[in-house]
Amino acid sequence: LGIPFPHRLENPHVIRAKQILVGVVPSGPSGVELTSKFTHRETPQYKAELGNALVNVARLVPQGVLVFFPSMAALSGAAEQWGKRGSDGGPTVLERLEKHKGF
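Novice: Explain a nonpolar patch on the surface to me, please; I cannot follow it from the model alone.
Specialist: Residues Val 57, Leu 60, Val 61, Val 65 and Val 67 make up a contiguous nonpolar surface patch of roughly 360 Å² in combined accessible area. Examined against the element boundaries, Val 65 turns out to sit in the loop between α2 (44-60) and α3 (72-82). With a relative accessible area of 39%, Val 65 lands in the partly exposed category.

As structure tokens, this is what we get:
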């Protein structure tokens, strides 16, 4: 990024560099933009699309997945919606995530 960091801490870890993939997912499975702008991240469409994208990642990636949210409020809002059943009565996003990853 070209940003100078005056302090740098490194610790030994059990995960090797070849085991890590860092990336940005610009859109979800149905093409909805996955931007976390405050006005966008509060919409039900965004939360549903983010949840569906995470379910797809959890299904495809072996072992663990680490997801960062811009704030605790964003995480709480998404998790609240992901715990609700849709109008079709199918499994919630959290139930679908639990199927692939224990948490």
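Novice: Just to check I follow, could you spell out the environment of Asp 88 for this structure?
Specialist: Within the element layout of this structure, Asp 88 appears in the loop between α3 and α4 (93-100). Sequence separation between Asp 88 and Asn 56 is 32 residues; the distance between their C-alpha atoms is 19 Å.

Novice: What is the right way to look at the pattern of salt bridges in this model?
Specialist: Charged atoms that come close allow side chains of opposite charge to pair. Under the counting rule described, the total for this entry stands at two salt bridges. Two residues, Glu 80 and Lys 84, come together in a salt bridge whose shortest N-O distance is 3.9 Å. Assessed through its relative accessible area of 53%, Glu 80 is described here as exposed. Here Arg 85 makes a salt bridge to Glu 95, at a shortest N to O gap of 2.9 Å. Linking Arg 85 in the loop between α3 and α4 with Glu 95 in helix α4, this pair joins segments that are ten residues apart in sequence. What makes Glu 95 partly exposed here is its relative accessible area of 37%.

Rules used throughout
- Residues numbered from 1 in each chain as written.
- Predicted model: local features only at pLDDT ≥ 70, side-chain atom pairs only at ≥ 80, totals over all residues.
- Heavy atoms only, no water.
- Patch = residues over 30% accessible without salt bridge, like charges linked within 9 Å, V, L, I, M, F, W, Y side chains within 5 Å.
- Areas by Shrake-Rupley, 256 points an atom, 1.4 Å probe, with all protein chains shown as cover.
- Salt bridge = Lys/Arg side-chain N within 4 Å of Asp/Glu carboxyl O.
- Helix = DSSP H or I, 4+ residues; strand = E, 2+ residues; numbered from the N terminus.
- Buried < 20%, exposed > 50% of the residue type's maximum accessible area, 1.4 Å probe, protein only.

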